[in-house]
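# Chains, contacts and geometry: an overview
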Amino acid sequence: MSKNKYDVIIVGGGISGCAVAWKLSRYNLDVLLLEKDPDVATGTTKANTAIIHAGYNADPNKQKGRLNTKGNVQIKDIVKDLSVPFEEIGSLVVGMEGDDLSVLDELLEKGKKNGVEGLEIVDREWIIENEPHINRDVKAALWAPTAGIITPWEFALAMAENAVANGVEVKLETEVLDVYTEADKVKGVKTNQGDFAADYVVNAAGLYADEVAKMVGVEKIDIHPRKGEYYIYDHAKDFEINHVLFPIPTKISKGIVCTPTVEHNLLIGPTSDFVDSKEDLATTTEGLNKVFNGAQKMFPELTLKDSIRVFAGLRAADTTEDFVIEAAENVHGFINVAGIQSPGLSSAPAIADLAAELLSEQGLELKEKKNVIEKREEPARFYEISNEERAAYAEEDKEYGQIICRCETVSLKEIKDAINGPIPARTVNAVKRRTRAGAGRCQGGFCGPRVTQIIADELGIKPTEVRLEKDNSNIVEHKIKGLLGSQGDAE
Ligand SMILES: Cc1cc2nc3c(=O)[nH]c(=O)nc-3n(C[C@H](O)[C@H](O)[C@H](O)COP(=O)(O)OP(=O)(O)OC[C@H]3O[C@@H](n4cnc5c(N)ncnc54)[C@H](O)[C@@H]3O)c2cc1C
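Residues numbered from 1 in each chain as written. Predicted model: local features only at pLDDT ≥ 70, side-chain atom pairs only at ≥ 80, totals over all residues. Heavy atoms only, no water.

### Focus: the overall build of the protein chain
The secondary structure content of the protein chain amounts to 12 helices and 22 strands. Once the C-alpha set of the protein chain is aligned to its principal axes, its extents read approximately 65 × 60 × 45 Å. Residue burial in the protein chain is summarised as follows: out of 491 residues, 57% are buried. If you take every contact in the protein chain between residues at least 6 apart in sequence, the share linking residues at least 24 apart comes to 73%. Distance from the positive charge centre (58 side chains) to the negative charge centre (80 side chains) of the protein chain: 1 Å. (Helix = DSSP H or I, 4+ residues; strand = E, 2+ residues; numbered from the N terminus. Buried < 20%, exposed > 50% of the residue type's maximum accessible area, 1.4 Å probe, protein only. Contact = heavy atoms within 4.5 Å. Lys, Arg positive; Asp, Glu negative; His and termini not counted. Charge placed at Lys NZ, Arg CZ, Asp CG, Glu CD.)

### Here's the deal with the site of the ligand
Around the ligand, 41 residues are found, and the nearest of them are S16, E35, T45, I340 and S346. In this structure, T49 approaches the ligand through a main-chain N or O atom, which is 3.2 Å from a nitrogen atom. For the ligand, an oxygen atom lies 3.4 Å from a polar atom in the backbone of G344. Burial of the ligand by the surrounding chains reaches 97%, relative to a free accessible area of 1000 Å². Secondary structure elements with two or more residues in the shell around the ligand: α1 (15–24), β13 (223–233), β18 (307–318) and α8 (344–361). Broken down by class, the residue content of the shell around the ligand amounts to 17 nonpolar, 19 polar and 5 charged. (Near = heavy atom within 4 Å. Polar contact = N/O pair within 3.5 Å; in protein donor to acceptor, adjacent residues only side chain to side chain. Areas by Shrake-Rupley, 256 points an atom, 1.4 Å probe, with all protein chains shown as cover. Nonpolar A, V, L, I, M, F, W, Y, C, P; charged D, E, K, R; others polar.)

### Focus: the side chain of E469
By the element assignment, E469 lies in the segment after α12 (448–459). Side-chain polar atoms of E469 contact the side chain of K46, separated by 2.8 Å. Not counting the four nearest positions on each side in its chain, E469 is found in contact with P38, T42, K46, T427, N429, A430 and R433.

### Describing unusual backbone geometry
Following G269, the chain continues into P270 via a peptide bond in cis, with omega recorded as 0°. Here P270 lies in the loop between β16 (266–269) and β17 (273–274). Residue S342 is joined to P343 through a cis peptide bond whose omega torsion reads 5°. The residue A50 is not glycine, and still its phi comes out positive at about 65°.

### Describing the nonpolar core
Judged by nonpolar contacts, the single largest core of 53 residues is most densely connected at V8, I10, L24, I150, F155, I325 and V337. Residue assignment for this core shows that the elements contributing at least two residues are β1 (5–11), α1, β2 (31–34), α2 (63–82), α5 (152–165), β12 (194–203), β20 (334–338) and α8. Residue contributions to this core peak at 10 residues, all from α8. Leaving out residues up to four positions away in the same chain, I325 has contacts with Q63, L67, N336, V337, I340, I351, L354 and L358. Listed in part, the 29 residues of the second largest apolar core include F196, V216, A316 and A338. (Core = buried A, V, L, I, M, F, W, Y, C linked by side-chain atoms within 4.5 Å.)

See the structure below:
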């Protein structure tokens, strides 16, 4: 049941807000996480390169540099506790020109200052042996064995679910419209679902963190969206790559990366171009050409034959090009977790630690809870298990035997569990993030209508009310050839 008053309200359910919620759920506190969209992880957290960076790239004098390496180390334990798909496959920054080698040395030095372990410069033979399809012009590379790949939205969801298990409340479709203050102290928030009182507010609103900060008069945060475009490939592709491969970085970007995903797709991208709108997620011919040409430089055999989708994400870049994690100077109890561009995913637990430290400095008592639930139960993942294992599940419950998504082998039971989970999936994309239904080669062409019907049945709504993601993204307008049954009729 909802309370009238909370100790802490967190604004935004991306990786930053979910990590803060997870961290605070370890203490005797009443915590409320508010997210304006129908699911967690619908912002930048769902559209990025999904790398847990080792930490050699960020400036040691910036918050980014200090928090990346710390987060990288913490994540290795968290993914085990929370059953998040993660693989520590290591990364290579690849030099192909003579001048590149000095950049590799600089990165090595920066990495050492940031405390990154295991870094070394490897030669052409090492690289070709470990990445047989790479461009033969390669000269040397910086090898970072501690880098890894993760499913970013599941990382956020897992932390949010574990926070809920430990008493945090999550309210979706609840947009913070204003922050109440009295005598320069936080008093609560105004939302589209009513008012909630709290002594502390953590602003983790991603691209909108500058606008939430302005609600208490903090003007210094200035977010400019910087777009990154991508191609993603099917599992069945011409060749595998084994590590995360970066070109030599530029001043503002790590360049076009080629990386496997944890689910064995190939991901190439991103571009790095400032755009005017915080909602501009359109892909462009120019951007996608840049991505493909960049990736082909690394892997000359690469074609677009097996690419199955393009997408874009927006970096929430503050003008300082650093994270802005600090207490507001003018209002007591307001903490900004803003400007969280890359490596935000890699730094998330360290960002949460810092936010908790700042809250404590502002007077919040962090008294450890007894009997914290540390583990999250691993959901069934039909896409990655053998037929024998699938058959065993189906023995247990026959809905595991009904495959809804053929490309990724997702069963009816997994979809129903997602819809009825601790943070229920209410949209088609929320089901996709939790189960992979629709993430395969046909991109939901076959399973989309069935997933829509299952959501409608489970939530007791009409198929015409089922959304893809956010408001006004309804998938069907009226009944099509009887596929959606009588509930699909338009009124
Ligand atoms: C192209 C690209 C590549 C990247 N690659 C990597 C990578 O490989 N590794 C890495 O470590 N990092 C990477 N990043 C960075 C990483 O994705 C981000 O740092 C991270 O996802 C930011 O998370 P967040 O929670 O701060 O923001 P978001 O995920 O955007 O979450 C903010 C949330 O706040 C909600 N919100 C906003 N306003 C309100 C309001 N008024 N009321 C309620 N809710 C509100 C939004 O709906 C959203 O869900 C990349 C980013 C991009 C764009």
